[in-house]
Amino acid sequence: MKVLHCITSTGFGGAQIMLLRYLRALGQRAHDHSVLSLMPQGAIGQEIASLGVPVHDLGLQQGRYSVRALKTLRQHVRHTRPDLIHGWMYHGNLAARLATIASTAAPPVLWAVHHSLQDIHNERRSSRFFIRSGAALSGGVSGISYCAQVSAAQHEAIGFASDRSIVIPNAIDTDEFRPDAEARARLGVIAGIPDGRIIIGNVGRDHPMKDQARMVAAIARLLELGYDVQGVLIGTGQDVGSARRASHELGVSDRISTLSERSDIAKLVSGFDIFLLPSAWGEAFPLAVCEAMACGVPSVVTDVGDTGLIVGETGAVVPPSDTEAQASALAKMVDLGPSGRQAMGAAARDRICQNFSMSRYIDAHDQWYHEAISQGQRGAWSLNMASKTGISK
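The sections below set out a description of the structure shown in this document.

Within the protein, the regular secondary structure consists of 15 helices and 13 strands. Taken over the C-alpha trace, the protein has a radius of gyration of 21 Å; the compact-globule value for 393 residues is 21 Å, and the two agree within 12%. By the burial criterion, 56% of the 393 residues in the protein qualify as buried. Residue pairs in contact within the protein that sit at least 24 positions apart in sequence constitute 71% of those at least 6 positions apart. Entry remark: accessible area of the protein is about 16,100 Å², with carbon and sulfur atoms responsible for 50%.

And the structure:
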């Protein structure tokens, strides 16, 4: 079948990376897919194009939309004649739906939501508009996938059609993300970290929802308690972001290493002793946590989205926006010692391999696509989310 993926952008982001990994894992089957980005092509779009997958864009700037762009979008759909349109992210989802409204021969439209909504008022005003618009139009699509069970419940609570929901958790390439004995030395050289120091790492862009300044505060607390630790944050904007500023304000700048986005994350994450996700809101199914676990790194995560479901008993889950809780959980993990953390990390990798493999992700999408096409644009079904995901406790 011919599948058109309509996505907000192809810059760095969790949904974009997941689309890239999905298409890469499809191998030769990816040539039946194409990608249309609303915004100009980004780094992920270039990687997708290198797979031989056609990538087009509408050239829109963030927050700027036009009737002309919608016309171009509809023309693109008529020209490419996909069997199915798969929307990604709020703006991409809406665009996919608008491209088919009032069309008598429109292909089925599926939406993919990669965000959680603990409180819609945490979102920007423009984002709230698109989220509510999505709720209003959701009854006209063939299916809505969420990467997290929590996200599905939250979106249904504000009006997203519940009879079209399915949960397909994100997946990890466990051959790419795996324990690497050389990662520690590699990271130490790049970030200037002395041997023997406990490394607490985070991978993610600088954004208020990530609450990375609180990670710095938790590390400062550990230093006060006498723990020899170093924080490492890798992602877009980290070199001048909130964590960097907080490190200066708290007087711990020498214990916080910040690196901009990198293409060799898989070669560095294994160098962490502990992964910390300090996010306050917005996470649905954070890939960074899964990647760390696949690399055999135990995690401390805040209870946002499906993070608790991801780590299970292989890590620690703490309330969001609680510096002392983060510091306490980190201290307990440091106190486990190298062998204790290694055992917990091994269990974390096993959990990822068993529950979040790329093969399961591909199979779930194959089934979803075929059901949508067989039932048509107005088809709907209700699936039991727990049995569909099949995630172990």
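Moving on to the sheet that holds strand 8 (residues 198–203). Pairing is parallel in the open sheet, where six strands are placed in the order 10-9-8-11-12-13. The open sheet has two edge strands, strand 10 (256–259) and strand 13 (316–318), and neither has a second partner. Each adjacent strand pair in this sheet contributes to an overall mean axis angle of 20°, direction not counted. Pairing analysis gives four bridges linking strand 9 (residues 229–234) to strand 10, with the strands arranged parallel.

On to helix 10 (residues 287–294), then. Within helix 10, eight of the eight residues are buried, which leaves it mostly tucked inside the rest of the structure. Among all positions in helix 10, only Leu287, Ala288, Val289, Cys290, Glu291, Ala292, Met293 and Ala294 are buried. At its buried positions, helix 10 is contacted by helix 1 (14–26), strand 8, strand 11 (274–277), strand 12 (299–302), helix 11 (307–311) and helix 13 (337–355). Positive phi shows up at Gly296, right after helix 10, with a value of about 80°.

Quick look at the pairing of strand 4 (residues 84–88) now. Most of strand 4 sits out of view: five of its five residues are buried. Of the two faces of strand 4, the one lined by Leu84, His86 and Trp88 and the one lined by Ile85 and Gly87 are each fully buried. By the bridge criterion, four bridges tie strand 4 to strand 5 (residues 109–113) in an arrangement that is parallel. Counterpart to Ile85 in the pairing with strand 5 is Val109.

This paragraph deals with the sheet that holds strand 5. Taking strand neighbours across the sheet as the criterion, the seven strands line up as 3-2-1-4-5-6-7 in an open arrangement whose pairing is parallel. Each end of this open sheet is capped by a strand with a single partner; those strands are strand 3 (55–57) and strand 7 (165–167). Here the strands of the sheet are splayed against their neighbours by 25° on average, with no regard to which way each runs. Note that strand 1 (residues 3–7) and strand 2 (residues 33–37) share five bridges and pair parallel. Note on strand 2: the bridge partner recorded for Val3 is His33.

On to the pattern of salt bridges, then. Applying the stated criterion across every chain yields a total of 15 salt bridges. Notably, a salt bridge pairs Glu224 with Arg221, separated by 3.0 Å at the nearest N-O pair. With Glu224 and Arg221 both in helix 8 (residues 212–224) and three residues apart, the pair spans about one turn of that helix. A relative accessible area of 61% places Glu224 in the exposed class. According to the relative accessible area criterion, Arg221 is partly exposed, its value standing at 28%. Look at the salt bridges and you will find they share partners, linking Asp180, Glu182 and Arg186 into a network.

Once that is clear, we can look at unusual backbone geometry. Located in the positive-phi region is Met89, a residue other than glycine, with phi close to 75°. Looking at where Met89 falls in the secondary structure, it is placed in helix 4 (residues 89–98). The phi angle at Asp211 is positive, at roughly 50°, despite the residue not being glycine. Inspection of the secondary structure puts Asp211 in the loop between strand 8 and helix 8.

Reading the values: rules and limits
Every chain's residues receive numbers from 1 upward, in the order its sequence appears when written. With pLDDT at 70 or above as the cut-off, local features in this predicted model cover only qualifying residues; side-chain atom pairs require 80 or more to be listed or tallied, and sums for whole chains, interfaces and linings still use all residues. Side-chain measures were taken over the full set of non-hydrogen atoms in the model, leaving aside hydrogen atoms and water. By the criteria applied, helices consist of DSSP H or I runs no shorter than four residues and strands consist of E runs no shorter than two, each listed in order from the N terminus. Here the radius of gyration uses the C-alpha set of atoms, whereas the globule reference equals 2.2 Å times the residue count to the power 0.38. Accessible area is worked out with a 1.4 Å probe on protein chains only. A residue is then buried under 20% of its type maximum, exposed over 50%, and partly exposed in between. In what follows, a contact means two residues having at least one pair of non-hydrogen atoms within 4.5 Å. Exposure was quantified through the Shrake-Rupley algorithm and a 1.4 Å probe, taking into account, for residues, occlusion by the shown protein chains and nothing else. Pairing between two strands is assigned when DSSP locates at least 2 bridges connecting them. Orientation is described by axes fitted as lines to C-alpha atoms, over the contacting stretch for helices, and by angles from 0 to 180 degrees between their N-to-C directions. Salt bridges are counted wherever a side-chain nitrogen of Lys or Arg sits within 4 Å of a carboxyl oxygen of Asp or Glu.

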